[in-house]
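Close look at the chain arrangement
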Amino acid sequence: MSVSSPARLAILISGRGSNMQAFMDACNNGDLDASIVLVLSNKTDAPGLCRAAEAGITTACIDHRQYDSREAFDAALVAQLSQYEPDLVILAGFMRILTPVFIEPFAGKLLNIHPSLLPKYPGLHTHQRAISAGDPEAGVTVHFVTLELDGGPPILQARVPVLAGDTAESLAERVIVLEHRIYPVAARWLLQGRLHLSEKGAILDGEPIPPTGIDYVPGIR
Ligand code: GAR
């Protein structure tokens, strides 16, 4: 994949945008040779949109409720994003199920972060499900987006122990710290040409990544 320098990132959000902020920080402090060319939301009132605009980043909103079908909404997203020629499209708390209309044009340069140790708990309420199941640990996965919901090849995973008395909220507070660390690392690997999506899964430095992703350790480069 050939990439501009600085690379062009588009970020899709639906909410507060703390992972988006992690990318803003990584671009500003030189951790990523990239700039954010567009932050796009499906929700007009997503707090992350204000945060991005205040930082001088171009923002746009496409309200999914204005479209008759997921495919029509996805086509509008593709039309908007394509104008900005992104090298990488980052889903950062973008809470819409995407169809092939969106996924196929960006295959191989479309990443998502999901707050569970995939393949456990695709979908919603991941932390509560981990607690209810009595899991000793929970965590987060960065993965390539493919047609299967939360089912694309994992790249990086970070784990935290589930503590006695944890609630979904207390667990989420510990996991989100790790989300902000691992997501820019995976993006950097991709932009450096070290990471790509193949028919067999995710490949890093020529080697297949294990099915649950690489275990994050502090300082990983
Ligand atoms: C994050 O915890 C992210 O992992 C999750 O939404 C949150 C967004 O927070 N994503 C999903 O659940 C996707 N299925 P943020 O807006 O502060 O980045």
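The structure under discussion appears in the preceding block.
Okay, so let's go over this structure. Treat the numbers as computed from the prediction; the structure is a model and nothing was measured.

**Regarding helix α6 (residues 168–191)**
- The end-to-end C-alpha distance of α6 is 33 Å, a good match for the 34 Å that 24 residues give at a rise of 1.5 Å each.
- Looking one or two residues beyond α6, the residue adopting positive phi is Gly-193, at roughly 80°.

**Structural notes on the pairing of strand β9 (residues 201–204)**
- Of the strand pairs in this sheet, strand β8 (residues 195–198) and β9 are connected by four bridges, and their pairing is antiparallel. Counterpart to Leu-197 in the pairing with β9 is Ala-202.
- Here β8 folds back onto β9, and the loop between the two strands holds two residues.
- Two elements, β9 and strand β10 (residues 207–208), share two bridges in a ladder whose sense is antiparallel. Within β10, the residue paired with Leu-204 across the bridge is Glu-207.
- Linking β9 back to β10 in an antiparallel pair, the connection comprises two residues, with Asp-205 at a positive phi of about 50°.

**Some remarks on the site of the ligand**
- Around the ligand, the structure places Arg-16, Gly-17, Ser-18, Asn-19, Gly-93, Met-95, Ile-113, His-114, Pro-115, Ile-176 and Glu-179.
- Between the ligand and the protein, one listed contact pairs an oxygen atom with a backbone N or O atom of Gly-17 at 2.9 Å.
- Contact with the protein chains removes 86% of the 450 Å² of surface that the ligand exposes when unbound.
- Of all the elements in the fold, those that place two or more residues in the shell around the ligand are α1 (18–28), β5 (110–114) and α6.
- Considered class by class, the residues forming the shell around the ligand number four nonpolar, five polar and two charged.

**Details of the sheet that holds β9**
- Strand order across the open sheet formed by three strands is β8-β9-β10, with antiparallel pairing between neighbours. Two strands bound the open sheet, and with one partner strand each, they are β8 and β10.

**Some details on the state of the cysteines**
- According to the stated counting rule, one finds zero disulfides in the structure shown.
- As a non-bridged cysteine, Cys-50 has Cys-61 as the owner of its nearest cysteine sulfur, 11 Å distant.
- Looking at Cys-50, the relative accessible area reads 49%, which means it is partly exposed.
- For Cys-61, a relative accessible area of 33% corresponds to the partly exposed category.

Cut-offs and rules
Residues numbered from 1 in each chain as written. Predicted model: local features only at pLDDT ≥ 70, side-chain atom pairs only at ≥ 80, totals over all residues. Heavy atoms only, no water. Helix = DSSP H or I, 4+ residues; strand = E, 2+ residues; numbered from the N terminus. Expected span 1.5 Å × (residues − 1). Pairing = 2+ DSSP bridges. Near = heavy atom within 4 Å. Polar contact = N/O pair within 3.5 Å; in protein donor to acceptor, adjacent residues only side chain to side chain. Areas by Shrake-Rupley, 256 points an atom, 1.4 Å probe, with all protein chains shown as cover. Nonpolar A, V, L, I, M, F, W, Y, C, P; charged D, E, K, R; others polar. Disulfide = S-S within 2.5 Å. Buried < 20%, exposed > 50% of the residue type's maximum accessible area, 1.4 Å probe, protein only.

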